[in-house]
Each structure stands twice: as structure tokens, then as C-alpha cells.
Amino acid sequence: MNRPLEGLLVLEFCQFLAGPSAGLKLADLGARVIKIERPQTGDACRALSIKNLFVDEDSLLFHTINRNKESYTADLKNPQDLEKLKKLIAKADVMTHNFRPGVMEKIGLDYVRVQQINPKIIYGMVTGYGNEGPWKNKPGQDLLVQSVSGLTFLSGVDTDGPVPFGLSVSDIMCGNHLVQGIMAALIKRAKTNKSVLVEVSLLESILDVQFEVITTYLNDGGKLPDRSGAKGSAHAYLSAPYGMYETKDGYIAMAMGNLPNICAIINCDITDLYVEAGSAFENRDKLIVRLAETFKQENTGNWVNLLESNGIWCAEVLNYQTATALSTYKNLNIEQQIDLDGVKSIKTTVSPIRLNQRKLFAKKAAPKLGFDTESINREFEIK
């Protein structure tokens, strides 16, 4: 299957997660992505592990983010290597980097000078807090960005302190936003035949993820999120029954719904707490506690069957072990196996995008450091 970005050449001057995750998505869509890495050590993510898991000397995390890419080593401080890179840039369609502001200017690969090398380049730049301003040189690390964005006061209950999100959500969303910007820039270039600068930052991305609740805050007299005092509440701004409830043998998740109807179905008396529609939020905590008492009386499967048969939105709460055993999970072809060297392999996820009803399975594993340098030099006649 021909993929829509085949023939597109992307140079990735990025490390860790945000920029490389954008390159991953572009590669899955068919782009040729060449990672520009420092000699000997390469992308710092090669040594950054989750649960201390490594495969062939590189972290499993690196393998997860960098499939379908090539590796080209170059010392950006070496004038000869820099000249080689400029020859590559002249041939590229897209260039991305996540250096701190000012670094590319010192090297001579900032947007203005890259435009002189390649007037049609799409130049993508990832920063932590923007390319200007007092925080421009602060480290753009996911947990730190979560901490200054307000995100950590959306989860948990009102007696908790800040609760960080259990994923590198700032990095992941910033990578998604970079891909969106690059796609839009490619369309713009097709119309104008000119280069486009695409800028994204971790802080702006994680603030954008919160656009619903920040808009509420901005238009609600500056009132802070009101996390529930009841265990299981899943949203600081939504009323009962929204949340998760312990059952006799597990947990059930309840989405939005008509509270009186739900309570009639599960035989839960709330007449003293629910007077009119606004009561669902005003008495949210007491209602959640009342519902929780009822849900503990039966098994999860019984509740799900009863509620779903009456058109109520709910679901059993699963862990990875039970979630990946679902027939739905298997039918969606969410997993793929990537061979590394003919002996070792890793299992990972597949791009969630289907094109003409076909999944975008990976062609190759993450590259060994510098593996493609010589072949790329020969291909582009770089000496």
C-alpha cells in the first residue's frame, strides 16, 4: 500500500519524546525520517529507560518511539559535519528540532539561515515554554510542564495534593500538535511553493489539552476546579454520576446520564438529595457516596448488563491484563511485532490511523546509532 507521505524526506534533530514522537507518526504515514544524532551517544533517549528495560543496548523506550527511522551521526560543532548536514537539508522537505532557544542560531541552522539553504523547507521547532520570554531557557520536561500548567489539580479528590498524569502527556500531545502543524504547512507550501515555520511548545500543548476546563475557569469568575471529596469522582467539573465505583468484585465506570433514571434502575433512593437538575452537581459528593453504597452490593457484570440493557452508558474498569484480553482489543489489531535482528523482537502498538481500511504496520525497527550514515552519504553524494 502506498502511504500518503511516501517521498517526503524529514530530518529529525530531536531527542527524548515530543519531537521524535512526531517523527514516528510521520514515518508511519510513509515519510522517510532520518534521525540526526551525535556520534557515540546519539539521542539521549537511547539511555533513558522505563522499568530499566533495554533491547540491544538501547532502551525499550527508544525502540518504541523510533521505529521506521534511519540514523545519521554528525557532530554539530564540527564544521565538516555541519557542511554535510547542510547538503542534506538542501534535499529535505521537513526539518524538526527541539534544542533550547538560541542553540540553532549559534550553530547556524536557525530558520532564517536554513531558508537560505532550502527556500521550501518546512521547519518545525519544539520548545518547553516558547521561543521567547523569561522561561525560554527552562528545561522542557514533561512533569515540570504538567506542574506549572494547572493539570495536576484536576485528578484525585479534594484532600489530595497535586496529582500528576500517569503518562508523558505534555510530550505526547506536543508531538501530535507538531504533526498537525507540519501537515498544514505542507498544504500551504503546495499552494505557495514557500517555506513555513512551525512552532510548538510543551506548555501550550498541555494547556490546549485543558481547553474545556480552562475556558470554564476564565468564564466562571476565576473559580478553581472543585475536586470532589468522594472517592471515584472522575471530573472536577462534572456532576454525579460521572465517576468510578467499587462493586462486589471490581469497579464500574459511569458516564453522563439522567441521574433519576439511573437510580431507579439500580434501586438507589436519592429523593432527599436530588430536587432538580442542578442538584446533581450541588450535591455531587453526597450523591456519589450514595451511589457507591449501592454499587457495592452486586458484581460488576450484573450492573453492566442491567444498565446497558436500559440504555445507560457504563463500562467495567479493566487493567492492562484484562483489557488486552478483550476480543475487541484483538479485533482492532492494536499490536504489532517488530523484528530487530532476526532473533530478537519487540511487541508494540500500531498507528491508530487506517487508510483505505488498512492499518499502518511498521516496516522496520528503530535504527542502531549511525547505522545509515555511510549509505546516506553515498545516496546524496555527500563527501
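Residues numbered from 1 in each chain as written. Predicted model: local features only at pLDDT ≥ 70, side-chain atom pairs only at ≥ 80, totals over all residues. Heavy atoms only, no water.

Observations regarding the overall build of the chain
At step 1: Along its length, the chain carries 16 helices and 15 strands.
At step 2: In terms of principal-axis extent, the alpha carbons of the chain reach across some 80 × 50 × 40 Å.
At step 3: Expressed as a percentage of its 383 residues, the buried residues of the chain come to 43%.
At step 4: The contacts of the chain with a sequence gap of at least 6 include a subset with a gap of at least 24, amounting to 68%.
At step 5: With the model as given, the accessible surface of the chain reaches about 20,800 Å², and the carbon-plus-sulfur share is 52%.
At step 6: Taking the 43 positively charged and 44 negatively charged side chains of the chain as two groups, their mean positions are separated by 8 Å. (Helix = DSSP H or I, 4+ residues; strand = E, 2+ residues; numbered from the N terminus. Buried < 20%, exposed > 50% of the residue type's maximum accessible area, 1.4 Å probe, protein only. Contact = heavy atoms within 4.5 Å. Areas by Shrake-Rupley, 256 points an atom, 1.4 Å probe, with all protein chains shown as cover. Lys, Arg positive; Asp, Glu negative; His and termini not counted. Charge placed at Lys NZ, Arg CZ, Asp CG, Glu CD.)

Overview of the pairing of strand E5 (residues 69-73)
At step 1: With 4 of its 5 residues buried, E5 lies for the most part within the structure.
At step 2: One ladder, built from 5 bridges, connects strand E2 (residues 32-37) with E5; its direction is parallel. Counted as the bridge partner of Val 33 is Lys 69 from E5. (Pairing = 2+ DSSP bridges.)

Quick word on the sheet that holds strand E9 (residues 243-246)
At step 1: Taken in spatial order, the 3 strands line up as E9-E10-E11 in an open sheet, and their pairing is antiparallel. At either end of the open sheet lies a strand with only one pairing partner, and these are E9 and strand E11 (314-316). On average, adjacent strands in this sheet sit at an angle of 25° to one another, irrespective of strand direction.
At step 2: Bridge count for E9 against strand E10 (residues 251-254) is 4 bridges, and the pairing is antiparallel. Counted as the bridge partner of Met 244 is Ala 253 from E10. (Axes fitted to C-alpha atoms, helices over the stretch in contact; angles between N-to-C directions.)

Section: the side chain of Asp 171
At step 1: Inspection of the secondary structure puts Asp 171 in helix H7 (residues 169-192).
At step 2: Nearest to the buried, unbridged Asp 171 among oppositely charged side chains is Arg 100, at 13 Å.
At step 3: Beyond its immediate chain neighbours, meaning those up to four positions away, Asp 171 contacts Leu 17, Ala 18, Ser 21, Asp 142 and Leu 202. (Salt bridge = Lys/Arg side-chain N within 4 Å of Asp/Glu carboxyl O.)

Some remarks on the sheet that holds strand E1 (residues 9-13)
At step 1: Reading across the sheet, the 6 strands line up as E5-E2-E1-E6-E7-E8 and stay open at both edges, with parallel pairing between neighbours. Whereas interior strands pair on both sides, the edge strands pair on one side only; in this sheet they are E5 and strand E8 (196-201). For this sheet the average axis-to-axis angle between neighbouring strands, irrespective of direction, equals 20°.
At step 2: Pairing of E1 with strand E6 (residues 94-97) involves 4 bridges; the strand directions are parallel. Directly across from Phe 13, in E6, lies its bridge partner His 97.
At step 3: Each of E6, strand E7 (122-127) and E8 is contacted by H7, which is oriented at about 165° to E8, the strand it contacts most.

Observations concerning a nonpolar patch on the surface
At step 1: Residues Phe 165, Leu 167 and Ile 172 make up a contiguous nonpolar surface patch of roughly 260 Å² in combined accessible area.
At step 2: Here Phe 165 is to be found in the loop between helix H6 (142-149) and H7. (Patch = residues over 30% accessible without salt bridge, like charges linked within 9 Å, V, L, I, M, F, W, Y side chains within 5 Å.)

Overview of the packing of aromatic side chains
At step 1: As enumerated under the stated definition, the model contains 4 aromatic pairs in all.
At step 2: One aromatic cluster is present, formed by Tyr 245, Phe 295 and Trp 303 through successive ring pairs.
At step 3: Sitting over the face of the ring of Trp 135, Lys 138 holds its NZ or CZ atom 5.2 Å from the ring centroid. (Phe/Tyr/Trp six-rings, centres within 6.5 Å; stacked < 30°, edge-to-face > 60°. Lys NZ or Arg CZ within 6 Å of the ring centre and 35° of its normal.)

A few points about the packing of helix H10 (residues 259-266) against helix H12 (residues 284-295)
At step 1: Axis separation between H10 and H12 bottoms out at 11 Å; the angle between their running directions is 25°. In terms of orientation, H10 and H12 fall into the roughly parallel class. As H10 packs across H12, the resulting crossing turns out to be left-handed. Contact residues: Leu 259, Cys 263 and Ile 266 in H10; Leu 287, Leu 291, Thr 294 and Phe 295 in H12.
At step 2: In terms of residue class, the contact of H10 with H12 is made up of 6 nonpolar, 1 polar and no charged. (Parallel < 35°, antiparallel > 145°, perpendicular 65-115°, else oblique. Left-handed = near helix turned anticlockwise from the far one by under 90°. Nonpolar A, V, L, I, M, F, W, Y, C, P; charged D, E, K, R; others polar.)

Here's the deal with the pairing of strand E12 (residues 335-339)
At step 1: Of the two faces of E12, only one is covered, namely that formed by Gln 336 and Ile 338; the face formed by Glu 335, Gln 337 and Asp 339 stays uncovered.
At step 2: Strand direction decides the pairing type here: E12 and strand E13 (residues 345-349), joined by 5 bridges, are antiparallel. Residue pairing in the sheet places Gln 336 in a bridge with Thr 348 of E13.

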